[in-house]
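Examination of the molecular architecture
Chain by chain, the residues:
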Amino acid sequence: MIKVAIFGVGLMGGSLALCLKDKPGIRVAGHSNRPSQVEKYVSLGVVDEASTSMQEVAEDADFIFLCVPVSLLEPYLDELLQMRLKPGCIITDVGSTKATIVKHARKRAVPGIHFIGGHPMTGSERSGVEVADYNLYENAFYVLTPDESTPEEAYNKLTDLLQYTRAQIVRVDAEQHDEIVGAISHLPHMIAVALVNQIAGYNEKDGLYQSLAAGGFRDITRIASSHPDMWRDILLNNRSVMLKLMRDWNAEIAKLTALVENGDGDGIVREFERAGAFRNQLPERKKGVLTSVYDVYVDIPDHPGIIGQIATLLGNHRINLSNLHISESRADVPGVLRLSFRNEVDMDASIKLLKQHSYAVQL
Ligand SMILES: NC(=O)C1=CN([C@@H]2O[C@H](COP(=O)(O)OP(=O)(O)OC[C@H]3O[C@@H](n4cnc5c(N)ncnc54)[C@H](O)[C@@H]3O)[C@@H](O)[C@H]2O)C=CC1
Ligand SMILES: O=C(O)C(=O)Cc1ccc(O)cc1
C-alpha cells in the first residue's frame, strides 16, 4: 500500500487528494492543525483518514505533499525533517514560488529523504476544501523543479504518481520558474488589484462606474478577488523578481502615457499591433496558469420560475454548471443571468441549447 500524506487539504491539496483517493493500492491521509478541519476532510470524503498529529500523518508515508500557504512551507518542512520518516520518502509541495523552498530544502537535506519542488499551474480565486475539484489539474502544466541532488529514481516515482492528476509534467529550474510565473501570473494579479482599486476610487465619487463596469471588466479583473493572505505570501516571497517586473511595468505604462500625451497615433497603432501579434499566437483555450473564463450571459425576463427552467434545461442535457449568478432585474430592464462552465465543450453546448429555446445569449 502506498501512503500519500497531504498537509493542508484546501483547494490544491483537496483536489490532489481527490485524484489519488480510491486509486488501487493508494491511501490518502490529510493533516490540519484544526480539529474541525480534520473532521470536515473525512466527512466530505476527500481523504481516507485525517489527523491533527503531524507525526501520525507523516509516518510511513511514501509521499508527502505540502499544500499550505507559501510562508508555512519552510516551517512545515523543518518539522517533518526532524521526524523519523520512511526511508526513501519523497516530499514535495504545490507552492506558487519555487526558488526559496528549493534552496531551503537543499540546505536542510536529510539522507534518504528527497525533496522535489512542485507547482501545479492551475487553480482559481477561490480557496478551501469545499471547492476542491477532481478535474482541477486535468491538462494543466505541473512544474517540478528537481536539482542535481535529486535521484532520477525519486523524480520518476513522483511523476508516476502524478499521472493520476492527468496534468502535463514539465521540468523547470526553480529560479527560472519564479521569473516566468512572476511575469505571467503574479504580475497580472497585481495589475488586476491596482486596476480594480483605481476604479473603486472613482466609484466612491460616482456610483455609475460600478453600474457600467459589467461583463468584460469583471472578466479581466476576476483574479483581483483572490485570497489576500495567499497573495501576500507569494508576492513577498518572490520579491526581487516582482520588483523588476513592476519597474518594467511602469516603463510600459510610461511609454503608453507618452504616446497619448504626444498624440502619437502611429506609435499607439504599433503598440497594439505588437501586442496583438504576440497574443494571437498564444495557444488558444489551452489550460494555462490563469484559469480561462467560460461564462455565458442570458437575458432573463422578469417572470417567476425562469431561473429554474434554465437550470433544468441544462441539467436535462447533462451540461454541468460551475456557477450561476443573477444580476438583479428591475421593472424597466431585463435581468441578466451569468452561467459559468468548467470547459469550452459545456459552454458551447449550453449556447446552442439556449438559442434553440429562444433565449438571448451573449458571451
Ligand atoms: N489557489 C490557487 O489557485 C493555487 C495555489 N497554489 C499554492 O497552493 C498552496 C495552497 O493554496 P490553496 O489550496 O489555494 O489554499 P487553501 O486556503 O484552499 O488551502 C490551504 C490549506 O492550508 C491550511 N492552512 C492555512 N493556514 C494554515 C496555518 N496557519 N496553519 C496550518 N495550516 C494552514 C488550510 O487549512 C488549508 O487546508 C499555496 O502555497 C499556494 O501558493 C498553487 C497553485 C494554484
Ligand atoms: O485564478 C486564477 O486564474 C489563477 O491564477 C490561479 C492560480 C493562483 C496561483 C497559482 O500559483 C497558480 C494559479
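Above this text you will find the structure in question.
From a predicted model like this one, the values you see are computed outputs, not experimental measurements. Going along each chain's sequence as written, the residues are numbered from 1 onward. Chains carry letters from A onward and ligands carry numbers from 1 onward, assigned in written order. For a predicted model such as this one, the threshold for reporting local features is a pLDDT of at least 70, and the threshold for listing and counting side-chain atom pairs is 80 or more; totals across whole chains, interfaces and linings nevertheless cover every residue.

All right, on to the overall build of the chain then. Runs of H or I in DSSP of at least four residues are treated as helices and runs of E of at least two as strands, each being numbered from the N terminus. The secondary structure content of the chain amounts to 14 helices and 12 strands. Counting only C-alpha atoms, the chain reaches 70 × 55 × 40 Å along its principal axes. Within the chain, the fraction of its 363 residues that count as buried is 31%. Sequence separation of at least 24 residues holds for 72% of the intrachain contacts in the chain that already meet a minimum separation of 6. Between the buried cut of 20 or more and the exposed cut of 12 or fewer other C-beta atoms within 10 Å of a residue's own C-beta lies the partly exposed class, and all C-beta atoms are placed from the backbone. Two residues form a contact once the distance between their C-beta atoms, set from the backbone, is within 7 Å.

Surveying the vicinity of ligand 1 reveals 24 residues, the closest of which are Gly8, Gly10, Met12, Gly123 and Ser127. Of all elements in the fold, only helix 1 (11–20), helix 4 (70–81) and helix 10 (228–237) reach the threshold of two or more residues within the shell around ligand 1. Broken down by element, the shell around ligand 1 gets its largest block of residues, three residues, from helix 1. Using the backbone to place each C-beta atom, any residue with that atom within 6 Å of a molecule or strand is considered near it.

A word on the site of ligand 2. In the vicinity of ligand 2, the contacting residues are Ser96, Met121, Gly123, Ser124, Glu125, Ser185, Ile223, Val289, Leu290 and Thr291. Residues are grouped as follows: Ala, Val, Leu, Ile, Met, Phe, Trp, Tyr, Cys and Pro are nonpolar; Asp, Glu, Lys and Arg are charged; all remaining types, including Gly, are polar. Partitioning the shell around ligand 2 into residue classes produces four nonpolar, five polar and one charged.

A few words on the sheet that holds strand 8 (residues 168–171). A pair of strands is treated as paired once DSSP finds two or more bridges between them. Taken in spatial order, the eight strands of this open sheet run 3-2-1-4-5-6-7-8, and their pairing is mixed. Single-partner strands in this sheet number two, and they are strand 3 (49–51) and strand 8. Each adjacent strand pair in this sheet contributes to an overall mean axis angle of 25 degrees, direction not counted. Of the pairings in the sheet, the one linking strand 1 (residues 2–7) to strand 2 (residues 26–31) comprises six bridges and is parallel in character. Of the residues in strand 2, the one forming a bridge with valine 4 is valine 28. All axes here are fitted lines through C-alpha atoms, helices being fitted over the stretch that makes contact, and every angle between N-to-C directions spans 0 to 180 degrees.

Glancing now at the sheet that holds strand 10 (residues 323–327). Spatially, four strands are ordered 10-11-9-12 in an open sheet, and the strand pairing comes out antiparallel. Two strands lie at the open edges of the sheet, namely strand 10 and strand 12 (361–362), each paired on one side alone. Here strand 10 pairs with strand 11 (residues 335–340) via five bridges, running antiparallel. Bridge pairing in strand 11 places serine 327 opposite valine 336. Along the sheet, helix 13 (residues 306–316) contacts strand 9 (295–300), strand 10 and strand 11; its crossing angle with strand 9, the most-contacted strand, is approximately 140 degrees. Each of strand 9, strand 11 and strand 12 touches helix 14 (residues 344–356); the most contacted strand, strand 9, lies at about 20 degrees to it.

Now for helix 5 (residues 99–107). Every α-helix carries 3.6 residues per turn, so stepping three or four residues along brings you back to the same face. Three or more residues of helix 5 are buried, namely Ala99, Ile101, Val102 and Ala105. Considering only its buried residues, helix 5 is in contact with helix 4, strand 5 (90–93), strand 6 (114–120), strand 7 (141–145) and helix 7 (174–205).

Let us look at the pairing of strand 9. Side-chain direction in a regular strand flips from residue to residue, so the side chains alternate between the two faces of the sheet. Bridge count for strand 9 against strand 11 is six bridges, and the pairing is antiparallel. What sits directly across from isoleucine 300, in strand 11, is glycine 335. Bridge count between strand 9 and strand 12: two bridges; the pairing is antiparallel. Following the sheet pairing, valine 298 is matched in strand 12 by valine 361.

The span you would expect from a helix comes to 1.5 Å times its residue count less one. Relative to the 18 Å expected for 13 residues at 1.5 Å per residue, helix 14 spans 18 Å between its end C-alpha atoms, a close match to the ideal helical length. Within helix 14, the full set of buried residues consists of Asp346, Met347, Ser350 and Leu354. The buried residues of helix 14 occupy one face: seen down the axis, they fall within an arc of 100 degrees. Turned more than 90 degrees away from the buried face of helix 14 sit Glu344, Val345, Lys352, Lys355 and Gln356, all of them exposed. It is the directions from the helix axis to the C-beta atoms that the arc portrays.

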